[in-house]
Amino acid sequence: MRKNIVAGNWKMNNDLDASKELVKGIKKSIKKLDLKNTRVVVAPTFVNLLSVAKKAKKSRIEVAAQNMHQADNGAFTGEISADMLKSVGVKSVILGHSERREYFGETDELLAKKVDQALKNKMEVIFCFGEKLEERKADNHFKVVESQLKNALFHLEAKAWKRIVLAYEPVWAIGTGETATPDQAQEMHAFIRKLIVDKYGDEVAENVSVLYGGSVKPDNAKEIFSKPDVDGGLIGGASLKVEDFVKIIKAAE
Ligand code: PGA
């Protein structure tokens, strides 16, 4: 049975003190919750991973990285390897976020290599994808999503999907305050699950969590998460405030 996941993508926000405060606040608030089917993940910036992971100990909070390099090690100035992440207790990584694609030129081909590297290291991948506004307006959103998934993930064997979490994030909804309607999210999530059924069969499709991302807030989370193919969310802005993030976690449970 797949789990709901609420993952906070802190992006390039929060220095060391702010990161520690935030994770401390989340830890304290979720202690009181009786979470049964919801995983809680936070993704701070690289330099704060270790401190946040230490603070998150003895809680349900899991820590993920926002990116990772595809090589084992070597002359790649400024990059971070899977080994480095694992050495500070990080077992999940967000790959393919639209900001990485847009501002850092990450392509499906590169992302396929990063996914392979993460899986080779037994890490979990939270794989982001989604169409841009002009692609939706041109009615190409299904085609775009299909090709993003096929290019970066459909070379994997069925058993690798145990470590894959999908995050559908329409680019026009990220940080804009504009959310996909719950029906638009469900329509796309059902399409995504069907692609997985066709390629890998029902069992893989039923077990993969498909998160929605893009301006999820405390006041819209419940309705979006109530859709049958939406298994939680990847949260940007609203993950930076304890109160908002915890409300979103509650909405997923
Ligand atoms: P947002 O970001 O919630 O601020 O729209 C979501 C994301 O980029 O993952």
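Residues numbered from 1 in each chain as written. Predicted model: local features only at pLDDT ≥ 70, side-chain atom pairs only at ≥ 80, totals over all residues. Heavy atoms only, no water.

K.L.:
What exactly am I supposed to notice about the environment of Asn 13 here?
P.N.:
Mapped onto the secondary structure, Asn 13 falls in the loop between β1 (4-9) and α1 (16-31). Classification of Asn 13 as partly exposed rests on a relative accessible area of 32%. As a C-alpha pair, Asn 13 and Ala 238 span 225 residues in sequence and 12 Å in three-dimensional space. Engagement of the side chain of Asn 13 in a polar contact is seen with the backbone oxygen of Trp 10, the distance being 3.0 Å. (Helix = DSSP H or I, 4+ residues; strand = E, 2+ residues; numbered from the N terminus. Buried < 20%, exposed > 50% of the residue type's maximum accessible area, 1.4 Å probe, protein only. Polar contact = N/O pair within 3.5 Å; in protein donor to acceptor, adjacent residues only side chain to side chain.)

K.L.:
Is there a simple way to explain the sheet that holds strand β5 (residues 124-129) in this structure?
P.N.:
Backbone-to-backbone hydrogen bonds join strands into a sheet, with any given pair of strands oriented parallel or antiparallel. The strand order β1-β2-β3-β4-β5-β6-β7-β8 describes a closed barrel built from eight strands, whose pairing is parallel. Strand-to-strand twist in this sheet, taken as the mean axis angle between neighbours without regard to direction, amounts to 30°. Relative to β5, strand β4 (residues 92-95) is paired through four bridges, and the arrangement is parallel. Its bridge partner lying in β5, Val 93 is registered against Val 125. Sitting on the sheet, helix α2 (residues 49-56) is in contact with β2 (38-43) and β3 (61-65), with an inclination near 170° to β3. (Pairing = 2+ DSSP bridges. Axes fitted to C-alpha atoms, helices over the stretch in contact; angles between N-to-C directions. Contact = heavy atoms within 4.5 Å.)

K.L.:
Can you walk me through the nonpolar core in this structure?
P.N.:
For soluble globular proteins, the rule of thumb is that nonpolar side chains tend to be buried together. In terms of nonpolar packing, the biggest core is built from 69 residues, with Leu 153, Trp 161 and Leu 166 touching the most fellow members. Discounting chain neighbours no more than four positions away, the residues touching Leu 153 are Val 115, Phe 127, Trp 161, Ile 164, Leu 166 and Tyr 200. Listed in part, the 12 residues of the second largest apolar core include Ile 5, Val 41, Ala 43 and Ile 94. (Core = buried A, V, L, I, M, F, W, Y, C linked by side-chain atoms within 4.5 Å.)

As far as function goes, none of this settles anything; it's purely spatial.
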